[in-house]
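Coordinates in review
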Amino acid sequence: MKRSGSIAHNLVPAITLLVILAIWEGAVRLSRVPAYIMPGPVQIISTLRANFSLLLNHTGSTMLEALIGFGLAVIIAFLVAFALNQVNWLNQAVMPLLVVTQTIPIITLAPLFLIWFGWGMLPKVLVVILVCFFPVVINLLNGLNSVDPDLVNLFRSMGAGRMDVFRMVKLPSALPAFFAGMKISASYGVMAAVIGEWLGAQQGLGYYMTIAQKSFRVDKVLAAVMIIAGLSLIWVKIIDWMEILVMPWTRHEREWEID
Amino acid sequence: MSAIDVQGVSKTLDSIETLIDISMSIDCRQFVAILGPSGCGKSTLLNIVAGLLTPDKGRIELNGEDWTGRTGRVSYMQQKDLLLPWLPILDNVSIPLVLRGVRKREAHDTARKYLQDFGLDGFESYYPRQLSGGMRQRAALLRTYLFTSDIMLMDEPFAGLDAITRRKMQLWLKDLCAKYQPTVLLVTHDIDEALLLADTVYVFSARPARIKLRLDVLHADSGQREQQKRDILSVLEAPATTVY
């Protein structure tokens, strides 16, 4: 029952996607828009296949930047959230600032990194770190700070130290928020690396896109977009699986109660 | 020497007088219930006995030692089961042992011995959300018991349960206490629960709480129990301004 339900669950959006692609293809063919303005999905896919090995090369370096940046962002976010959660005055001093800094579109700072750190990998990784850091730290911190105080009291009354409380109570109960933050970050990570590459790079999907754009190869640009979307999707999915793996107790959510 | 000795405790919380000069003495292996209107400060008293709050005046002695404002001597069970949703039942009830430094396997072995009596046999690897409310409360009680078995505080432990389950749990707790003989201080607003379980019942006034009545429960026959119930009700329903 549950299984077939989940298949239907996945099937409906897939059909919707196919319908949209069909409308797109039909509209492009009927209106005879030239391919250098708007290619149809069929042409994009054939471009994707023709340039696959080249695209794969560029994808590799973009992915590397995104993964390193994401990994570092998660580590830094974890340490910051831990420190703020443990030290109350630090939390009061820094938490509001963190929320406000979220309103700065980090991407607009990317050109500065180019000036400061050159054309290599470092500025891209920095952009990814900045973009991925905030969702993780804010979510994790909210999770840590919103633990049931009665639960903390209970553990204190049983003689638990601060680290015991963090390890046994706060961290596990903050895990859903932590993963929610990581999913948001993961969907931004590839994008951040690509934007870093737009501004100046010798390789990567962003570099490939700027070259294609300059020669009016919209199909190549969109092929790269497809890869970026696919990568982000896979990445979010991987974190989904990790979440299920790390939090086995949520799997029983819909099972019936025993009396 | 009494197990719990509350000596002239007063407490003001957020500039509201909550407890005024509460004194009570609970002997070893006694089951004492505190009855009172809701919000009268019963839970505050338990928090003070548990050491989570420090009284403004007065002191708490446990087995003759001063434990005012210090946690760790008594175990404390609340209305919420406060089980960790991410741990199976056996791990949940073993927590107090693990926190004391007992190795996980030994803690599990110790906890397993009690599963039968606490009605959790066969459910040790279930997660809390897979269990019914009554079972979760029994698991919470086992965790409480494994922390400190001789003095236990309970704050309306069955208030969140439906009437039928609550009745079953009360009868079960009565048998359990007859077998393990702990000292229990129970806060409740259920007169029947107090008369069923307790040896002695204290009735508190509305806030600021004072002791209005101390009653040794007669377990002899139902007629006497009805009389005692009427006595308690008449005290509880007396005008709030009356001071005894």
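Basis of the calculations
Residues numbered from 1 in each chain as written. Chains lettered and ligands numbered in written order. Predicted model: local features only at pLDDT ≥ 70, side-chain atom pairs only at ≥ 80, totals over all residues. Heavy atoms only, no water. Helix = DSSP H or I, 4+ residues; strand = E, 2+ residues; numbered from the N terminus. Buried < 20%, exposed > 50% of the residue type's maximum accessible area, 1.4 Å probe, protein only. Contact = heavy atoms within 4.5 Å. Lys, Arg positive; Asp, Glu negative; His and termini not counted. Charge placed at Lys NZ, Arg CZ, Asp CG, Glu CD. Axes fitted to C-alpha atoms, helices over the stretch in contact; angles between N-to-C directions. Left-handed = near helix turned anticlockwise from the far one by under 90°. Nonpolar A, V, L, I, M, F, W, Y, C, P; charged D, E, K, R; others polar. Core = buried A, V, L, I, M, F, W, Y, C linked by side-chain atoms within 4.5 Å. Domains from an automatic or database assignment. Buried area = accessible area lost by both parts, 1.4 Å probe. Salt bridge = Lys/Arg side-chain N within 4 Å of Asp/Glu carboxyl O. Polar contact = N/O pair within 3.5 Å; in protein donor to acceptor, adjacent residues only side chain to side chain. Pairing = 2+ DSSP bridges.

Regarding its fold elements, chain A presents 10 helices and zero strands. If you list the helices and strands of chain A from N to C, you get α-α-α-α-α-α-α-α-α-α. By principal-axis analysis of the C-alpha atoms, chain A measures approximately 75 × 55 × 30 Å. Counting every position in chain A, which comprises 259 residues, the buried fraction comes to 40%. Long-range contacts, defined here as pairs at least 24 residues apart, represent 75% of the contacts in chain A between residues at least 6 apart. With 17 positive and 13 negative side-chain charges, chain A shows a separation of 11 Å between the mean positions of the two kinds.

Let us look at the packing of helix H3 (residues 52-86) of chain A against helix H6 (residues 122-145) of chain A. All names here are of chain A. With their axes 7 Å apart at the nearest point, H3 and H6 run at an angle of 35 degrees to one another. In the crossing of H3 with H6, the sense of the turn from one axis to the other is right-handed. Grouping the constituent residues of the contact of H3 with H6 by class yields 23 nonpolar, three polar and two charged.

Counting 72 residues, the largest nonpolar core has Phe70, Phe155, Met182, Leu205 and Trp235 of chain A as its most contacted members. Ignoring anything within four residues of it in the chain, the contact list for Leu205 of chain A reads Leu55, His58, Thr59, Thr62, Val194, Glu197, Ala224, Ile227, Ile228 and Leu231 of chain A. The next biggest cluster of nonpolar side chains, apart from the first, holds 46 residues, and it includes Val93, Leu176, Leu186 and Val201 of chain B.

Moving on, we get to helix H2 (residues 89-99) of chain B. Residues and elements named next belong to chain B. Where burial is concerned, most of H2 is hidden: 10 out of the 11 residues are buried. Turning to H2, its buried residues number three or more, namely Ile89, Leu90, Asp91, Asn92, Val93, Ser94, Ile95, Pro96, Leu97 and Leu99. Once H2 finishes, Gly101 follows within two positions and takes phi at roughly 100 degrees, a positive value.

Turning to the domain arrangement of chain A, a few remarks are in order. Residue and element names in this part refer to chain A. On domain assignment, one finds that chain A holds domain 1 (1-32) and domain 2 (36-248). Look at where the C-alpha atoms of domain 1 and domain 2 centre, and you get two points 28 Å apart. If you look at the interface, domain 1 gives five residues, while domain 2 gives seven residues. The contact between domain 1 and domain 2 buries some 460 Å² in all, and 75% of this surface belongs to carbon and sulfur atoms. Taken as a group, Trp24, Glu25 and Val28 account for 85% of the area that domain 1 buries against domain 2, more than any other trio of residues on that side. The interface formed by domain 1 and domain 2 contains zero salt bridges. The interface formed by domain 1 and domain 2 includes two residue pairs in polar contact (both at pLDDT 80 or more). Among the residues making up the side of domain 1 that touches domain 2, the classes are represented as three nonpolar, no polar and two charged.

This next bit is on the interface of chain A and chain B. Taken together, the contact pairs 25 residues of chain A with 24 residues of chain B. Buried surface at the junction of chain A and chain B, summed over both partners, amounts to about 2300 Å²; 66% is from carbon and sulfur atoms. Two residues, Asp148 of chain A and Lys80 of chain B, come together in a salt bridge whose shortest N-O distance is 3.0 Å. If you look at where chain A meets chain B, you find three residue pairs in polar contact (both at pLDDT 80 or more). Counting only elements with at least two residues in the side of chain A that touches chain B, the list comes to helix H7 (149-157) and helix H8 (162-198) of chain A. For the side of chain A that touches chain B, the element with the highest residue contribution is H7 of chain A, accounting for seven residues.

Before going further, it helps to spend a moment on the pairing of strand S9 (residues 200-204) of chain B. Residue and element names in this part refer to chain B. Within S9, five of the five residues are buried, which leaves it mostly tucked inside the rest of the structure. Taking every second residue as pointing to the same face, both faces of S9 are buried, with Thr200, Tyr202 and Phe204 on one and Val201 and Val203 on the other. Across four bridges, the pairing between strand S3 (residues 31-35) and S9 is parallel. Paired with Val32 across the bridge in S9 is Thr200. Sheet analysis places S9 next to strand S10 (residues 211-216), joined by five bridges and oriented antiparallel. By the bridge assignment for S10, Phe204 is matched with Ile211. In this antiparallel pair of consecutive strands, S9 and S10, the connection spans six residues.

Turning to the domain arrangement of chain B, a few remarks are in order. Residue and element names in this part refer to chain B. For chain B, the domain assignment lists domain 1 (1-74 + 151-244) and domain 2 (82-147). Contacts between the two partners involve 13 residues from domain 1, matched on the other side by 11 residues from domain 2. Between domain 1 and domain 2 lies a buried interface of about 1100 Å² when both sides are counted; carbon and sulfur atoms form 73% of it. Counting the surface domain 1 buries against domain 2, the share from its top three residues, Met152, Trp172 and Tyr180, is 46%. Here domain 1 is connected to domain 2 by one salt bridge. A salt bridge links Lys179 to Asp117; the shortest N-O distance between them is 2.6 Å. Where domain 1 packs against domain 2, one counts four residue pairs in polar contact (both at pLDDT 80 or more). Contributions of two or more residues to the side of domain 1 that touches domain 2 are made by strand S7 (151-155) and helix H5 (163-180). Residue contributions to the side of domain 1 that touches domain 2 peak at seven residues, all from H5. Along the lines of polarity and charge, the residues of the side of domain 1 that touches domain 2 split into 10 nonpolar, two polar and one charged.

Turning to the sheet that holds S9 of chain B, a few remarks are in order. Residue and element names in this part refer to chain B. One open sheet holds the six strands; their spatial order is S6-S7-S8-S3-S9-S10, and the pairing between them is mixed. Edge strands, defined here as strands with exactly one partner in the open sheet, are strand S6 (75-77) and S10. When the angles between neighbouring strand axes are averaged without regard to direction, this sheet yields 15 degrees. Running over the sheet, helix H4 (residues 133-147) touches S6 and S7 and is turned about 170 degrees from S6.

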